[in-house]
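If you want the building blocks of each chain, they are given just below.
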Amino acid sequence: MDILWGMDRVRKALGAVGWAARWARNHGPGLAYQTRKAEIPSVIRKRTVARLSSVVHQIDDELRFLNDMRNVLRKLPHIDDEFTVVVAGYPNVGKSSFIRITSSASPEIAAYPFTTKGVIVGHRYAGTGRMQFIDTPGLLDRPTSERNKIERQALTAIMNLADVVLCIIDPSEHCGYPIEEQVRLLHEIEAMVGIPVVPVANKSDLLYFDGYLNMSTETGEGISEVLETLIGFRKQSEQQDEPVSC
Ligand SMILES: Nc1nc2c(ncn2[C@@H]2O[C@H](COP(=O)(O)OP(=O)(O)O)[C@@H](O)[C@H]2O)c(=O)[nH]1
Ligand SMILES: [Mg+2]
């Protein structure tokens, strides 16, 4: 909430609503009594409604703000408090394919307030152990210089949930990006996040890349080794749990 709106803004809105609620509690019984006792109740009733509507009018902006906030919060992806892997890499390297092939249940596509695209959240329950994967379309798929303020905030929010970043590269370059550019993004992410980054070369069915963990989300080759490597960071993440800023 702090990242999305700022806690001071949220506090101000809730404070205003609290004030209106207290006003209604304090004045409500008196106004009701006056209305009942009045010789011409309709006049008092009109006055009462006018006073009430004036109170609501005074907090109109705050109510609208809280309503907008509720709409955003409702759409936030459901992200569990469990071992979390954020999947990074240029478009078309195989991020979504990896989440699809490793998740026990169908990955959930959730709207994320910062991006026009959905965030894909996948869960793995069996085999190597419980973990969840978060895809980051539009966030960790290109150099930082191209990210705007909102996207940087979104990234900070996601990184605070993450234990490990899995950075997928595609040495076959079928994704459409030269390998040098992809490795540059990998180093940039390593320098930025302050949590372990696991680089993995995907599409090993097309090209094997020396010096990296290799996998193919098409054939399934190397996937279990990648999962083992990721889960190896679970212990570490349980010990240190510090927020990061991107
Ligand atoms: N040959 C091959 N193609 C792959 C592999 N993984 C993904 N692809 C293909 O690469 C394209 C992009 O994959 P996708 O998972 O959507 O990439 P994303 O944009 O990073 O999420 C799709 O056409 C996939 O079928 C792989 O291991 N081998
Ligand atoms: Mg994708």
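Keep in mind it's a predicted model, so treat the numbers as computed, not measured.

Scoring rules and cut-offs
- Residues numbered from 1 in each chain as written.
- Chains lettered and ligands numbered in written order.
- Predicted model: local features only at pLDDT ≥ 70, side-chain atom pairs only at ≥ 80, totals over all residues.
- Heavy atoms only, no water.
- Patch = residues over 30% accessible without salt bridge, like charges linked within 9 Å, V, L, I, M, F, W, Y side chains within 5 Å.
- Areas by Shrake-Rupley, 256 points an atom, 1.4 Å probe, with all protein chains shown as cover.
- Salt bridge = Lys/Arg side-chain N within 4 Å of Asp/Glu carboxyl O.
- Lys, Arg positive; Asp, Glu negative; His and termini not counted.
- Charge placed at Lys NZ, Arg CZ, Asp CG, Glu CD.
- Helix = DSSP H or I, 4+ residues; strand = E, 2+ residues; numbered from the N terminus.
- Near = heavy atom within 4 Å.
- Polar contact = N/O pair within 3.5 Å; in protein donor to acceptor, adjacent residues only side chain to side chain.
- Nonpolar A, V, L, I, M, F, W, Y, C, P; charged D, E, K, R; others polar.
- Axes fitted to C-alpha atoms, helices over the stretch in contact; angles between N-to-C directions.
- Parallel < 35°, antiparallel > 145°, perpendicular 65-115°, else oblique.
- Contact = heavy atoms within 4.5 Å.
- Buried < 20%, exposed > 50% of the residue type's maximum accessible area, 1.4 Å probe, protein only.
- Arc of directions from axis to C-beta.
- Core = buried A, V, L, I, M, F, W, Y, C linked by side-chain atoms within 4.5 Å.
- Pairing = 2+ DSSP bridges.
- Right-handed = clockwise from strand over helix to strand, strands pointing away.

Enquirer: Describe a negative patch on the surface, listing the residues and the values that go with them.
Expert: Residues D205, E218, E221, E225 and E228 make up a contiguous surface patch of negative charge. Structurally, E228 is set in helix 7 (residues 223–231).

Enquirer: Provide a residue-level description of the site of ligand 1, including the pertinent values.
Expert: Taken together, 15 residues sit near ligand 1, with N92, S96, S97, D205 and T217 positioned nearest. Contact distances for ligand 1 include 2.7 Å between an oxygen atom and a backbone N or O atom of N92. For ligand 1, an oxygen atom lies 2.5 Å from a polar atom in the side chain of S97. Taking 580 Å² as the accessible area of ligand 1 by itself, protein coverage stands at 73%. Along the lines of polarity and charge, the residues of the shell around ligand 1 split into 4 nonpolar, 7 polar and 4 charged.

Enquirer: Would you mind going over the packing of helix 4 (residues 95–102) against helix 7 in detail, with residue names and values included?
Expert: Geometrically, a packed helix pair is captured by the angle between its two axes and the distance between the axes. The geometry of helix 4 relative to helix 7 is characterised by a closest axis approach of 12 Å and an angle of 90 degrees between their N-to-C directions. As summarised for this structure, helix 4 and helix 7 are arranged roughly perpendicular, according to the angle between their axes. Of the residues in helix 7, those touching helix 4 at F98, I101 and T102 are I223, V226, L227 and L230. Here the contact of helix 4 with helix 7 is built from residues that sort into 6 nonpolar, 1 polar and no charged.

Enquirer: Summarise the side chain of T84; cite the residues concerned and give the values.
Expert: With respect to the element layout, T84 can be found in strand 1 (residues 84–88). Given a relative accessible area of 1%, T84 falls into the buried group.

Enquirer: Lay out helix 4 with the relevant residues and their values.
Expert: Among all positions of helix 4, only K95, F98, I99 and T102 are buried. Angular distribution of buried residues about the axis of helix 4 spans 95 degrees; they occupy a single face of the element.

Enquirer: Lay out the nonpolar core in plain terms, naming residues and giving numbers.
Expert: Of all hydrophobic cores here, the largest spans 42 residues; its most connected members are F98, F133, M159, L166, I189 and L230. Contributing elements (two or more residues each) for this core: strand 1, helix 4, strand 4 (131–135), helix 5 (149–159), strand 5 (164–169), helix 6 (179–193), strand 6 (197–201) and helix 7. Excluding residues that lie within four positions of it along the chain, F98 makes contacts with V87, F133, L166, I168, M215, T217, I223, V226, L227 and L230. Listed in part, the 6 residues of the second largest apolar core include A20, L31, V55 and I59.

Enquirer: Quick one: what's the story with the side chain of T48, residue by residue and with numbers?
Expert: Note that T48 resides in helix 2 (residues 41–58). What makes T48 buried here is its relative accessible area of 12%. Beyond its immediate sequence surroundings of up to four residues, T48 is in contact with L31 and T35.

Enquirer: For the pairing of strand 6, give the residues involved together with the corresponding values.
Expert: In the case of a regular strand, side chains alternate between the two sheet surfaces. With respect to burial, strand 6 is a largely interior element, 4 of its 5 residues being buried. As defined by bridge partners, strand 5 adjoins strand 6 across 5 bridges and the pair is classed as parallel. Residue I168 lies in a different strand from strand 6, and its bridge partner there is V200. For the segment spanning strand 5, helix 6 and strand 6, crossover handedness is right-handed. Inspection of the sheet shows strand 6 paired to strand 7 (residues 213–214) by 2 bridges, in the parallel sense. Bridge pairing in strand 7 places A201 opposite N214.

Enquirer: So what's going on with the environment of L207? Which residues, and what values?
Expert: Mapped onto the secondary structure, L207 falls in the loop between strand 6 and strand 7. Measuring from C-alpha to C-alpha, the distance between L207 and S172 comes to 5.6 Å, with 35 residues separating the pair along the chain. Non-local contacts of L207, meaning those with residues more than four positions away in its chain, are made with P171, S172 and N214.

Enquirer: Residues and numbers for the pattern of salt bridges, please.
Expert: Throughout the structure, instances matching the rule amount to 5 salt bridges. One salt bridge connects E62 with R9, and the closest N-O pair in it is separated by 2.9 Å. One end of the pair, E62, is in helix 3 (residues 60–75); the other, R9, is in helix 1 (residues 7–37), and 53 residues separate them in sequence. The residue K203 makes a salt bridge to D170 at a minimum N-O spacing of 3.0 Å. Taken as a pair, K203 in the loop between strand 6 and strand 7 and D170 in the loop between strand 5 and helix 6 lie far apart in primary sequence, 33 residues in all. One exposure class covers both K203 and D170, and it is buried. Three or more residues joined by partner-sharing salt bridges are found here, namely R9, K12 and E62.

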